[in-house]
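Structure at a glance
Residue-level listing of the chains:
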Amino acid sequence: MNKIMEFKRLKDLREDHDLTTRELAKKLEINHVQYWRYEKGQRDLPTYLLIKLADLYQTSTDYILERTDETTPYKNKKDK
């Protein structure tokens, strides 16, 4: 089964940070229509953008992917 995931949390995080799709796409250095397609699940979200979004929102990739409800990012091994 080749189903593309809709990222509801991406929209929620974007709105929580008072960003439009255009503003966020500019920060990510991509076209706003392309970002909108990721958010709506019309295109697969590349790993590098997932990581950039997690860093931008100071959360984990697992939170964005809805694998956890914990919004706090994981600590890096070097931070221990």
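Whatever comes next refers back to the structure up there.
Residues numbered from 1 in each chain as written. Predicted model: local features only at pLDDT ≥ 70, side-chain atom pairs only at ≥ 80, totals over all residues. Heavy atoms only, no water.

Regarding the overall build of the protein
So the rule is basically this: Secondary structure follows DSSP: runs of H or I at least 4 residues long count as helices, runs of E at least 2 residues long count as strands, and numbering of each begins at the N terminus. For every residue, the accessible area (1.4 Å probe, protein chains only) is compared with the maximum for its type, and the residue is labelled buried under 20%, exposed over 50%, or partly exposed between those bounds. Residues count as neighbours in contact if any of their non-hydrogen atoms are within 4.5 Å of one another.
Scanning the protein for helices and strands turns up five helices and zero strands. The helix and strand sequence of the protein, counted from the amino end, reads α-α-α-α-α. Here the protein holds 80 residues, and 32% of them are scored as buried. Counting contacts in the protein only where the partners sit at least 6 residues apart, residues at least 24 apart contribute 45% of the total.

A few points about the nonpolar core
Rules: What makes a nonpolar core is a set of buried Ala, Val, Leu, Ile, Met, Phe, Trp, Tyr and Cys residues whose side-chain atoms join them at distances within 4.5 Å.
Counting residues in each nonpolar core, the largest one holds 18 residues, and the members touching the most others are Tyr35, Leu45, Leu53 and Ile64. Put simply, the parts of the chain that give this core at least two residues each are helix 1 (8-16), helix 2 (21-28), helix 3 (32-40), helix 4 (47-57) and helix 5 (61-64). The element best represented in this core is helix 4, accounting for five residues. Those residues in contact with Leu45 that sit more than four places away from it in its chain are Phe7, Leu10, Tyr38, Leu50 and Leu53.

Focus on helix 4
Condition: Picture the helix axis, draw a direction to every C-beta atom, and the arc is the one those directions span.
For helix 4, the complete set of buried residues consists of Leu49, Leu50, Leu53, Ala54 and Tyr57. For helix 4, the arc enclosing every buried residue in end-on projection is 140°, short of the 170-degree limit, so these residues lie on one face. Away from the buried face of helix 4 by more than 90 degrees, exposed residues Thr47, Tyr48 and Asp55 are located. Where helix 4 is buried, its residues meet helix 1, helix 2, helix 3 and helix 5. Immediately downstream of helix 4, the backbone of Gln58 shows phi near 55°, a positive value.

Describing helix 1
Among all positions in helix 1, only Arg9, Leu10, Leu13 and Arg14 are buried. Down the axis of helix 1, the buried set is contained in an arc of 135°. They therefore lie on one face. Turned more than 90 degrees away from the buried face of helix 1 sit Lys8 and Asp16, all of them exposed. The secondary structure elements touched by the buried residues of helix 1 are helix 2, helix 3, helix 4 and helix 5. Directly after helix 1, the chain includes Asp18, whose backbone phi takes a positive value near 55°.

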